[in-house]
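# Structural characterization, general
Residues per chain, in single letters:
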Amino acid sequence: MNMLTGPQVAESVEEIAFLLLPGTGMACLSAAVAVLSHANKLAEQTLYRWTLCSWDGLAVVSEEGFEVGVQQGIQGLDPARLDKLIVCGGLDCDDPQVLRWLRQAGHFGLEIGAFGAGSYPLARAGLLDDYACTTHWEYLAALQEEYPRLILSSQLYVVDKDRFSCAGGSDVQDLLLHFVGEAHGQTLARAVSDKLVCTARPSGDTQRGAQRRQSVYMPACLQDAILLMESNIEEPLSLQEISDLLGISRRQVERLFRKYLDSQPSRYYMELRLNRARELLQKTSKSITEISIACGFSSTSHFSKNVKDQFGCSPKLLGRQLKLAR
């Protein structure tokens, strides 16, 4: 390459806009830009151009508390000239103007995606309805409960036609390396990953936080029992139903929980349901009645009593405390 003239511009340059909303993760943004920048440098031509945007063209406050400057307001951006639009942050973003702009962008046929909590504004705009998608594992259950038309996965990243999403953090690198490999070949993608001293992981890998990590070995049948419980929160199974599905006796199920988890099946199941309720109280706007039903309680009074026993306060107060602490 002639260092005096600089890199050549590829015949087809991919135009990408990052919409930064409050709560944007700087690690996500940095990881994405690093992949694109190194792809350009190693290819010795401009394959990608990107623009950092906010709604009004002003800096946004990142998840880490820093102000992040942008190049322009998104209102002056023409979606027809973009190949990809990536939403960063915005867990609590419900600004009707932003959501309206996103819906309009969805009519232009560009690829639209999100890093981490960026899936929330896309879901609110209806842009993920009936699409396979993901988000950070902490938000998976709450997002599914609030937007049942989403086909949520705990994978590192998901690409479904003209929509894509990832959990955030280092998973951003995996997603962007996937795009580089798809568009310009695996040789370039591997060169970029070598430059970044990382190994690209496939989309099918499960987010680490979503995996059940135990400090002790658990037999497969106990893991299956827990999976049955996690999959049946709204309509809890009885211990007899669980043992029948596992093909072992109730007493064997009880022994397994006592030996490996120092708990009873009913107590463990109740804690799962209450932790799900805690998550919904913090991350959704659903009413106490709706959350109690979603977590398998037959009445709000029974729900409230169990929440108070577990967390020391009423569901309403717990929800307020959790949202203030966010």
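Description of the structure in this document.

Calculation criteria
- Residues numbered from 1 in each chain as written.
- Predicted model: local features only at pLDDT ≥ 70, side-chain atom pairs only at ≥ 80, totals over all residues.
- Heavy atoms only, no water.
- Phe/Tyr/Trp six-rings, centres within 6.5 Å; stacked < 30°, edge-to-face > 60°.
- Helix = DSSP H or I, 4+ residues; strand = E, 2+ residues; numbered from the N terminus.
- Buried < 20%, exposed > 50% of the residue type's maximum accessible area, 1.4 Å probe, protein only.
- Lys NZ or Arg CZ within 6 Å of the ring centre and 35° of its normal.
- Axes fitted to C-alpha atoms, helices over the stretch in contact; angles between N-to-C directions.
- Parallel < 35°, antiparallel > 145°, perpendicular 65-115°, else oblique.
- Left-handed = near helix turned anticlockwise from the far one by under 90°.
- Contact = heavy atoms within 4.5 Å.
- Nonpolar A, V, L, I, M, F, W, Y, C, P; charged D, E, K, R; others polar.

### What to know about the packing of aromatic side chains
- Summed over all chains, the structure comprises 5 aromatic pairs.
- Judged by centre distance (5.0 Å) and plane angle (80 degrees), the ring pair of phenylalanine 164 and phenylalanine 179 falls under edge-to-face. On the criterion of sequence distance, the pair formed by phenylalanine 164 in strand E11 (residues 163-166) and phenylalanine 179 in helix H5 (residues 171-184) is long-range, its members being 15 residues apart. Accessibility classification places phenylalanine 164 together with phenylalanine 179 in one group, the buried group.
- Residues phenylalanine 297 and phenylalanine 303 carry aromatic rings whose centres are separated by 5.2 Å and whose planes lie at 55 degrees to one another, so their mutual orientation is tilted. Of the two residues, phenylalanine 297 and phenylalanine 303, both sit in the buried class.
- Above the plane of the ring of phenylalanine 179 lies lysine 84, whose end atom (NZ or CZ) is 4.3 Å from the centre.

### Brief notes about the packing of helix H1 (residues 26-43) against H5
- Where H1 contacts H5, the axes come no closer than 8 Å and their chain directions differ by 25 degrees. On the basis of their axis angle, the class for H1 and H5 is roughly parallel. Crossing angle aside, the handedness with which H1 passes H5 is right-handed. Contact residues: H1 offers Cys28, Ala31, Ala32, Val35, Leu36 and Ala39, while H5 offers Val172, Gln173, Leu176, Leu177 and Val180.
- In the contact of H1 with H5, the residues fall into 10 nonpolar, 1 polar and no charged.

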